[in-house]
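# Survey of secondary and tertiary structure
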Amino acid sequence: MPAEFDLAVIGLGAMGSAAASFAAARGARVLGIEAHFPAHALSSSHGDSRLIRLGYFEDQSYVPLLRRAYENWRSLEARLRADILTVTGVLQIGRPDSKIVSGTKASCDLHGLTHEILDKAEMARRYPAFALEDDEIGLLDPQGGYIRPEAAIMGYLKLAAEDGAELHFGERVTAIEPDEDGVDILTTTGRYRARKVIVATGAWIAELVPELAAHAVPIRQVVAWYQPEDGFAAQPGRMPCFLRDEGENGSYFGFPAIGIDGVKIGRHAHFREPIDPTAANPPVNEADTALLDGFARKRLPKVASTRMRATTCRYTMLPSEDFLIDYSPTHRNVVVSSACSGHGFKFTSVIGEILSDLALDGGSALPTSLFTFERHFGSKG
Ligand SMILES: Cc1cc2nc3c(=O)[nH]c(=O)nc-3n(C[C@H](O)[C@H](O)[C@H](O)COP(=O)(O)OP(=O)(O)OC[C@H]3O[C@@H](n4cnc5c(N)ncnc54)[C@H](O)[C@@H]3O)c2cc1C
């Protein structure tokens, strides 16, 4: 059967919507298939805000990709004439030798990134929202800020459709059958054929990429929003986004009062509870709110006083907590995008470009060596 499409993108969340847009902009005949609807509550891409920062403690090799991600976010905004990325600065708080602070400092030094080191007194003067221990500091990444995930996804889908992509919602892909010339795609309502497929199905990745079944672990994540005592103290102009290294108690992230519900807080990976991606997320419970309320009281006493709401989300973790973006080890016509271990959204704008390059060009000039099957699992198969 001849291919009706150059490319089918399965899963139109963050990575899939961006990939569909990049490929359609290049003139490819693109089919996008989404089981639910954009940025739905069981996906990993809802909840008003995602951090972006240029200094990257996780690994120095992410920085060139971040530079490209920033450029691509600005291009998206220009095409949409909408605000997607807001620069507020990101404070990385902790002891100077903590993983987040020392790793971000090393990243800034290596890549010549502007940053400021603020001691406790300077932090109290400039950013009174944050309570520090005597031996803690703040490292300000002035390029950092937040992205609006729902607007980004809707924006990429709008552009993909304008550029001719055919987008299906409420249709689940049940199987992919690759062969030498292309891929058959079976769904709950139809069957299609494309020359290439991108699988960007987030927490459900292992259903279509069985090689990841033992490695990609969906876990439950919880975030909560708080109102300040003083209604203006948490406005973005007065309070930057932050990451806070709490040593063996993990790390927390947060945002100023972007929307009506106030300051948003979460702990990276929360309790690391694996979940069944086919079931609804277990609801927010007392242990969840006790953890986040305790952090709010201790570390943000003036700006996170009253909890307004809390919700669940999903991370999908790989053992290294890096991303996996590569051809399937068994079928080169299938490109795989992992859900990116809880820190991928900021890269959506560059991962979309990489996925489109891999599918349409057979490779990408952007640096992806950190993300291969071989690097993750030591072999191609
Ligand atoms: C609470 C929380 C906070 C986060 N904070 C940050 C942050 O501050 N900064 C940052 O950079 N990253 C952050 N992340 C991580 C980031 O949001 C994720 O890495 C990213 O959203 C993953 O996008 P995705 O496209 O892989 O998955 P998703 O956006 O979940 O998309 C997958 C899509 O595939 C669809 N799908 C699944 N199976 C099928 C199928 N068989 N057929 C058709 N469609 C299918 C799903 O319905 C879904 O819409 C956070 C994540 C969470 C949960």
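### Some words on the domain arrangement of the protein chain
One can read the domain layout of the protein chain as domain 1 (5-46 + 149-215 + 321-377) and domain 2 (88-143 + 217-317). When each unit is reduced to the centre of its C-alpha atoms, the spacing between domain 1 and domain 2 is 30 Å. Taken together, the contact pairs 15 residues of domain 1 with 15 residues of domain 2. The junction of domain 1 with domain 2 conceals about 1200 Å² of combined surface from both sides, 51% of it contributed by carbon and sulfur atoms. Summed over the three residues of domain 1 that lose the most area to domain 2, namely Leu42, Ala203 and Glu321, the buried surface amounts to 36% of that side. Here domain 1 and domain 2 share one salt bridge between them. In this structure, the salt-bridge partner of Glu321 is Arg272, at a minimum N-O distance of 3.0 Å. Summed over the shared surface of domain 1 and domain 2, the result is eight residue pairs in polar contact (both at pLDDT 80 or more). Grouping the constituent residues of the side of domain 1 that touches domain 2 by class yields six nonpolar, seven polar and two charged.

### As for the packing of helix 1 (residues 14-25) against helix 8 (residues 348-361)
Two elements in contact, helix 1 and helix 8, have axes whose closest approach is 7 Å; the angle formed by their N-to-C orientations is 55°. Taken together, the axes of helix 1 and helix 8 are oblique relative to one another. Our pair here, helix 1 against helix 8, has a crossing hand that is right-handed. Here Ala14, Met15, Ala18, Ala19, Phe22 and Ala23 of helix 1 lie close against helix 8, whose contacting residues are Thr348, Ser349, Ile351, Gly352, Glu353, Leu355, Ser356 and Leu360. Considered class by class, the residues forming the contact of helix 1 with helix 8 number nine nonpolar, four polar and one charged.

### Here's the deal with the site of the ligand
Around the ligand sit 35 residues in total, of which Glu34, Ser45, Leu51, Cys313 and Ala339 are the nearest. At 2.8 Å from an oxygen atom of the ligand is found a main-chain nitrogen or oxygen belonging to Ser44. At 2.7 Å, a backbone N or O of Ala339 approaches an oxygen atom of the ligand. Protein chains bury 99% of the 1000 Å² of accessible surface belonging to the ligand in isolation. Those elements giving two or more residues to the shell around the ligand turn out to be helix 1, strand 2 (30-34), strand 3 (50-52), strand 13 (217-227) and strand 17 (306-317).

### Topic: the environment of Ala8
Relative to the elements of secondary structure, Ala8 occurs in strand 1 (residues 5-10). Taking relative accessible area as the criterion, Ala8 reaches 0% and is therefore assigned buried.

### Quick word on the nonpolar core
Among the nonpolar cores identified, the biggest contains 56 residues, and Trp73, Ile198 and Phe347 are the most heavily contacted of them. Of all the elements in the fold, those that place two or more residues in this core are strand 1, helix 1, helix 2 (63-80), helix 5 (149-162), strand 18 (325-327) and helix 8. The contacts of Ile198, once residues within four sequence positions are left out, are Leu7, Ala8, Val9, Ile10, Ala19, Val335, Leu355, Ser356 and Ala359. Counting residues in each nonpolar core, the second largest holds 27 residues, with Phe130, Leu140, Leu292 and Ala296 among its members.

### Considering the pairing of strand 1
Across the six residues that make up strand 1, a large majority, six, are buried. Across five bridges, the pairing between strand 1 and strand 12 (residues 191-199) is parallel. Paired with Val9 across the two strands is Ile198, which belongs to strand 12. Bridge count for strand 1 against strand 2 is four bridges, and the pairing is parallel. In the sheet register, Leu7 faces strand 2, and the bridge partner there is Val30. Handedness of the β-α-β unit built from strand 1, helix 1 and strand 2 comes out right-handed.

### Regarding the pattern of salt bridges
Summed over all chains, the structure comprises 32 salt bridges. Two residues, Glu77 and Arg74, come together in a salt bridge whose shortest N-O distance is 2.6 Å. With a gap of three residues between them, Glu77 and Arg74 both fall in helix 2, about one helical turn apart. Classification of Arg74 by relative accessible area gives partly exposed; the value is 36%.

### Here's the deal with unusual backbone geometry
Here Asp48, not a glycine, exhibits a phi torsion of approximately 80°, which is positive. By the secondary structure assignment, Asp48 is in the loop between strand 2 and strand 3. Non-glycine residue Glu321 carries a positive phi angle of around 65°. The residue Glu321 is located in the loop between strand 17 and strand 18 in this model.

Definitions and limits used
Residues numbered from 1 in each chain as written. Predicted model: local features only at pLDDT ≥ 70, side-chain atom pairs only at ≥ 80, totals over all residues. Heavy atoms only, no water. Domains from an automatic or database assignment. Contact = heavy atoms within 4.5 Å. Buried area = accessible area lost by both parts, 1.4 Å probe. Salt bridge = Lys/Arg side-chain N within 4 Å of Asp/Glu carboxyl O. Polar contact = N/O pair within 3.5 Å; in protein donor to acceptor, adjacent residues only side chain to side chain. Nonpolar A, V, L, I, M, F, W, Y, C, P; charged D, E, K, R; others polar. Axes fitted to C-alpha atoms, helices over the stretch in contact; angles between N-to-C directions. Helix = DSSP H or I, 4+ residues; strand = E, 2+ residues; numbered from the N terminus. Parallel < 35°, antiparallel > 145°, perpendicular 65-115°, else oblique. Left-handed = near helix turned anticlockwise from the far one by under 90°. Near = heavy atom within 4 Å. Areas by Shrake-Rupley, 256 points an atom, 1.4 Å probe, with all protein chains shown as cover. Buried < 20%, exposed > 50% of the residue type's maximum accessible area, 1.4 Å probe, protein only. Core = buried A, V, L, I, M, F, W, Y, C linked by side-chain atoms within 4.5 Å. Pairing = 2+ DSSP bridges. Right-handed = clockwise from strand over helix to strand, strands pointing away.

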